[in-house]
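This is what each chain is made of:
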Amino acid sequence: MISQLTVFLENEKGRLAAACRAVSDAGINMHSLFLADTQDFGVVRLLVDTPKAAAEALRNAGYRATITPVTAVRIPNEPGGLAKLLEFLDEASVNVEYAYCFSVSSEAAFDVLKTDEDAQLEGKLMEAGFQPVSPEEIYQVD
């Protein structure tokens, strides 16, 4: 499992930039950012070097920030790579609350999952031949 930083933002001009600046000013490197929004607010999901320090920096800057355990899985960066993973999860009756993906090379992508079975999911994935990703792998992507 990895730790994801979840930040709630008012949907106002400059709020995302200011949140990113708060993380940067704390000397923390961001590895991915996903933003979902509504008319009134946004939910930012970040993978950062030091989630606890980033959450503290954001809270000190006036943001609501929490740390969420999620599962990251290495999948082939090819047509059908993600579909195979999601089909496995469906067959295993694992509910995916949300997910996002990003390519890390021409051969691989990472899928980040929040599910209803986070604590047991890595074992199930490994048994089925999938490769869960460690925090160190997330932060050392070339």
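The text that follows walks through the structure, step by step, so that each part is easy to find. Note that the coordinates shown come from a computational prediction; the quantities given were computed from them, not determined experimentally. (Residues numbered from 1 in each chain as written. Predicted model: local features only at pLDDT ≥ 70, side-chain atom pairs only at ≥ 80, totals over all residues. Heavy atoms only, no water.)

Here the focus is the overall build of the protein chain. When you go through the protein chain residue by residue, the secondary structure sums to five helices and seven strands. Reading the secondary structure of the protein chain in the N-to-C direction produces β-α-β-β-α-β-α-β-β-α-β-α. In terms of overall size, the protein chain behaves like a compact globule, its C-alpha atoms giving a radius of gyration of 16 Å where 142 residues would be expected to give roughly 14 Å. Its C-alpha atoms give the protein chain principal-axis dimensions of about 45 × 30 × 25 Å. (Helix = DSSP H or I, 4+ residues; strand = E, 2+ residues; numbered from the N terminus. Rg over C-alpha atoms; globule rule 2.2 N^0.38 Å.)

What follows covers the pairing of strand S5 (residues 96-103). With seven bridges connecting them, S5 and strand S6 (residues 108-115) associate as antiparallel partners. Its bridge partner lying in S6, Tyr 100 is registered against Val 112. Between the antiparallel neighbours S5 and S6 lie four residues. (Pairing = 2+ DSSP bridges.)

Relative to the helices and strands, Ala 65 resides in strand S4 (residues 64-76). The spacing of Ala 65 and Ala 55 is ten residues in sequence and 5.4 Å in space, taken between C-alpha atoms.

This brings us to the side chain of Thr 6. Of note, Thr 6 is situated in strand S1 (residues 2-10). Take Thr 6: its relative accessible area is 5%, and that puts it in the buried class. In this structure the side chain of Thr 6 is engaged in a polar contact, spanning 3.1 Å, whose partner is the side chain of Gln 4. Dropping the residues within four chain positions of it, Thr 6 is found in contact with Val 43, Val 44, Arg 45, Arg 64, Ala 65, Thr 66, Thr 68 and Tyr 98. (Buried < 20%, exposed > 50% of the residue type's maximum accessible area, 1.4 Å probe, protein only. Polar contact = N/O pair within 3.5 Å; in protein donor to acceptor, adjacent residues only side chain to side chain. Contact = heavy atoms within 4.5 Å.)

This next bit is on the pairing of strand S2 (residues 30-37). Examined bridge by bridge, S2 and strand S3 (residues 41-48) share seven bridges and lie antiparallel to one another. Each bridged residue has a counterpart across the sheet, and for Asp 37 the counterpart in S3 is Gly 42. The turn linking S2 back onto S3 is made up of three residues.

The tally for this structure, following the rule as stated, stands at three aromatic pairs. Plain terms: the ring middles of Phe 34 and Tyr 100 are 5.5 Å apart, the flat faces sit at 5° to each other, and that makes the pair stacked. With Phe 34 in strand S2 and Tyr 100 in strand S5, this pair connects stretches of sequence that are 66 residues apart. Tyr 100 gets classed as buried once you look at its relative accessible area, which sits at 7%. (Phe/Tyr/Trp six-rings, centres within 6.5 Å; stacked < 30°, edge-to-face > 60°.)

These results come straight from atomic positions and should not be treated as a statement about function.
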